[in-house]
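A look at the structure
The primary structure of each chain is shown beneath.
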Amino acid sequence: MKKNMFIKLAGCIILVMLVALAKSEHLHLPSHGNWENKNFEKAVVNQVSSRLSNSEKVEFGSKFLCEDYKENNEVRFSANVIYYVVSINGTKEKHIAHVISNEDKDRIIEWKEIKNNSVDK
């Protein structure tokens, strides 16, 4: 009987510790990174889409030179991104921009275009 109670108590303690770690953001649960990547891609597409005409579309390409850092005690995410502006006739224009976002990667803080190139589909 004592062994059974000890196992239940240990299980409860472990559960409380896991919840505390998750709330303090020291424990990233499964798919946490996927969620942040989707946030970032959506933020980039929204940023570019807001500057385009209705006939053009945006495709997220990739990100590189990614870095997390702190600025004024806030975590920031910095990356270079490749995205494509696709015209109504299918012509793709490749763009590269340096982007800084918040920690959750769902809000763009700074955007700087680096270059663009035309690419045929």
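Just above, that's the structure.
Residues numbered from 1 in each chain as written. Predicted model: local features only at pLDDT ≥ 70, side-chain atom pairs only at ≥ 80, totals over all residues. Heavy atoms only, no water.

As for the overall build of the chain
Counting secondary structure elements, the chain contains two helices and four strands. Reading the chain from its N terminus to its C terminus gives the helix and strand order α-α-β-β-β-β. Here the chain holds 121 residues, and 23% of them are scored as buried. For the chain, contacts bridging at least 24 residues in sequence account for 41% of all contacts bridging at least 6. (Helix = DSSP H or I, 4+ residues; strand = E, 2+ residues; numbered from the N terminus. Buried < 20%, exposed > 50% of the residue type's maximum accessible area, 1.4 Å probe, protein only. Contact = heavy atoms within 4.5 Å.)

A word on the pairing of strand β1 (residues 57-71)
Relative to strand β2 (residues 74-86), β1 is paired through 12 bridges, and the arrangement is antiparallel. Note that in β2 the partner of F64 across the bridge is N80. In sequence, β1 turns back onto β2 through a hairpin of two residues, with N72 there showing a positive phi of about 55°. (Pairing = 2+ DSSP bridges.)

Quick word on the packing of aromatic side chains
Going through the model one piece at a time under the given rule, you end up with three aromatic pairs. When the ring of F40 is compared with that of F77, the centres are 5.1 Å apart and the planes differ by 85°; the resulting orientation is edge-to-face. Taken together, the positions of F40 in helix α2 (residues 32-49) and F77 in strand β2 put the pair 37 residues apart, joining distant regions of the chain. When its relative accessible area of 1% is taken as the criterion, F40 is described as buried. Here the aromatic residues F40, F60 and F77 are joined through ring pairs into a cluster of three or more. Above the ring of Y84, the side-chain terminus of K92 is found at 5.4 Å from the ring centroid. One Lys or Arg, K105, reaches over the ring of F77 and ends 4.2 Å from the middle of that ring. (Phe/Tyr/Trp six-rings, centres within 6.5 Å; stacked < 30°, edge-to-face > 60°. Lys NZ or Arg CZ within 6 Å of the ring centre and 35° of its normal.)

Description of a negative patch on the surface
There is a patch of like negative charges on the surface, built from E67, D68, E103, D104 and D106. With respect to the helices and strands, D68 occurs in strand β1. (Patch = residues over 30% accessible without salt bridge, like charges linked within 9 Å, V, L, I, M, F, W, Y side chains within 5 Å. Areas by Shrake-Rupley, 256 points an atom, 1.4 Å probe, with all protein chains shown as cover. Salt bridge = Lys/Arg side-chain N within 4 Å of Asp/Glu carboxyl O. Lys, Arg positive; Asp, Glu negative; His and termini not counted. Charge placed at Lys NZ, Arg CZ, Asp CG, Glu CD.)

Some points on the side chain of S101
Along the polypeptide, S101 turns up in strand β3 (residues 92-102). Assessed through its relative accessible area of 0%, S101 is described here as buried. S101 has contacts with F40, R76, F77, R107, I108 and I109, leaving out every residue within four places of it along the chain.

Concerning the nonpolar core
Counting 14 residues, the largest nonpolar core has F40, V81, Y83, V99 and W111 as the members making the most contacts within it. Those elements giving two or more residues to this core turn out to be α2, β2, β3 and β4 (108-119). With five residues, the single largest contributor to this core is β2. Not counting residues within four places of it along the chain, the set of residues in contact with Y83 comprises V48, R51, V58, E59, F60, G61, E93, K94, H95, A97, W111 and E113. (Core = buried A, V, L, I, M, F, W, Y, C linked by side-chain atoms within 4.5 Å.)

Describing unusual backbone geometry
Phi is positive for L65, which is not a glycine, with a value near 55°. For L65, the location among the structural elements is in strand β1. When its relative accessible area of 63% is taken as the criterion, L65 is described as exposed. Even without glycine at this site, N73 takes up a positive phi of about 65°. If you trace the backbone, N73 turns up in the loop between β1 and β2. Given a relative accessible area of 72%, N73 falls into the exposed group.

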